[in-house]
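What the coordinates show
Each chain is listed here by its residues.
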Amino acid sequence: MSQPQARIAIIGGGPGGYEAALVGAQLGAEVTVIERDGLGGACVLTDCVPSKTLIATSGMMAALDGSAGLGIRLYPDGNGHPVVDAPRLHARVRALARAQSADVASRLSAEGVKVIAGTARLTGPRTVAAGDTEIEADAVLIATGAEPRILPGSEPDGERILTWRQLYDLPELPPELIVVGSGVTGAEFASAYQALGSQVTLVSSRDRVLPHEDADAAVVVEDVFRRRGMTVLGKSRASAVERTSDGVAVTLHDGRTVRGSHCLLTVGMVPNTADLGLAEAGVAVDGRGFVTVDKVSRTSAPGVYAAGDCTGVLMLASVAAMQGRIAMWHTLGEAVKPLRLSHVAATIFTEPEIATVGVSEQSVAAGEAADAVVVKLPLATNARAKMQGFRDGFVKLFARRSSGIVLGGVIVAPRASELILAVSLAVERLLTVDQVAHTFAVYPSLSGSVTEAARRLMRPAEGLED
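Summary of the structure given here. (Residues numbered from 1 in each chain as written. Predicted model: local features only at pLDDT ≥ 70, side-chain atom pairs only at ≥ 80, totals over all residues. Heavy atoms only, no water.)

Our next topic: the side chain of Thr 273. Counting through the fold element by element, Thr 273 comes out in the loop between β17 (269-271) and α7 (278-281). Classification of Thr 273 as buried rests on a relative accessible area of 13%. There is a polar contact of 2.7 Å between the side chain of Thr 273 and the backbone oxygen of Gly 289. (Helix = DSSP H or I, 4+ residues; strand = E, 2+ residues; numbered from the N terminus. Buried < 20%, exposed > 50% of the residue type's maximum accessible area, 1.4 Å probe, protein only. Polar contact = N/O pair within 3.5 Å; in protein donor to acceptor, adjacent residues only side chain to side chain.)

Here it is, written out as structure tokens:
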């Protein structure tokens, strides 16, 4: 006799939700997704897809800015400069987000996933209310995402004081943009708007930008920021943001005031976990409101899983999607590997990009990771980088001292997000530096620096040491 069809209810249609839905449908479950804003969630509609679309344009502007060094004269008379058509740029951003959302909807429809537009809440461990509809499920996945954190007393108005979700409604580029917060989001938007033509001031509460990232990488990016005309204010925590007659004023803790035309707040995220019925269903949250989960996405309530930014586990679309897939594999009885955060590849889309995977140099130095050796090669020595006019960046590899197994790496370069795949594969498959070094790389190519770094870390054959 055949087993009854499993019923899955998913609250939230972002990467954690829709990727889980696809896996559940593939495995024969009856899947219902409840999404209030549109399929793809904030990632597709307001966050990742729009921001990276904007950054694609800023990258083109940065390339045009460096074209003279490659022997190109865009304006022979010397009087012209490329400018950004803000309404057209923003229209393109919104159109691509809608198109991506439509693609997600089409895919879910093709797989037989039922989609309900609206809000939802748990009414029990295995029941979900969506409007007037109550859904009984064998398993529930919470994938409700997170919202931009707001500084108390500095509430965004969508005109001058903004979150990144409001940028694409502006009629023009901000002439003088103050970015509060120098983490990943702040650094990405500061980099993008400086390249697009805004005069950017980046307010950082720490002594350097990207304080939680590889120190060498952060130094390179901050140096590029300053060289391109950005004002970077270190150790300068913002205490208040106010509108003025013609712009904004940001007051710092030390009493200084920074003035500009617009202010972008990038001071973290808060989870969308209020009014979900979590307490009634027995789902535990931490002190900041994030749903607590284990490495297979289980919450404290049997049959209830969670994925994505609402869990506070590495706020990346790729991690959310993997958490969602793991939840479905686990609840539907498939073989599953627990989430391994040490194998997650991540990229910061500044110019140049910073991509990382595996152990960090800080953890190695602190003795928290395996005994490792490290090599760092500047990008300036790479032939392809010279040809394309790239001078900022490097490739850094970490390998276990005893066996040569690749433990991680950092790449700072244009398109580092693509280059990191080679290192990520090495980490995932436990490859040694010898194996990476014996892999052919195209010459000339930026990826050649990865294999060269591996060659620098190769151990001498036994009996050949000096």
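Attention shifts here to the side chain of Asn 382. Residue placement: Asn 382 occurs in the loop between β21 (372-378) and α10 (383-388). At 2.8 Å, the side chain of Asn 382 forms a polar contact with the backbone nitrogen of Arg 384. Engagement of the side chain of Asn 382 in a polar contact is seen with the side chain of Ser 449, the distance being 2.9 Å. Non-local contacts of Asn 382, meaning those with residues more than four positions away in its chain, are made with Ser 445, Leu 446 and Ser 449. (Contact = heavy atoms within 4.5 Å.)

The five strands are arranged β3-β2-β1-β7-β18 in an open sheet whose pairing can be described as parallel. Each end of this open sheet is capped by a strand with a single partner; those strands are β3 (114-117) and β18 (304-306). Each strand of the sheet is rotated relative to its neighbour by a mean of 20°, with strand direction disregarded. Across five bridges, the pairing between strand β1 (residues 7-11) and strand β2 (residues 30-35) is parallel. (Pairing = 2+ DSSP bridges. Axes fitted to C-alpha atoms, helices over the stretch in contact; angles between N-to-C directions.)

For a regular strand, the rule is simple: side chains alternate between the two faces of the sheet. Where burial is concerned, most of β1 is hidden: four out of the five residues are buried. The handedness of the β1 to β2 crossover, carried by helix α1 (residues 15-26), is right-handed. As defined by bridge partners, β1 adjoins strand β7 (residues 139-142) across four bridges and the pair is classed as parallel. Looking at β7, one finds that Ile 10 is bridged to Leu 141. (Right-handed = clockwise from strand over helix to strand, strands pointing away.)

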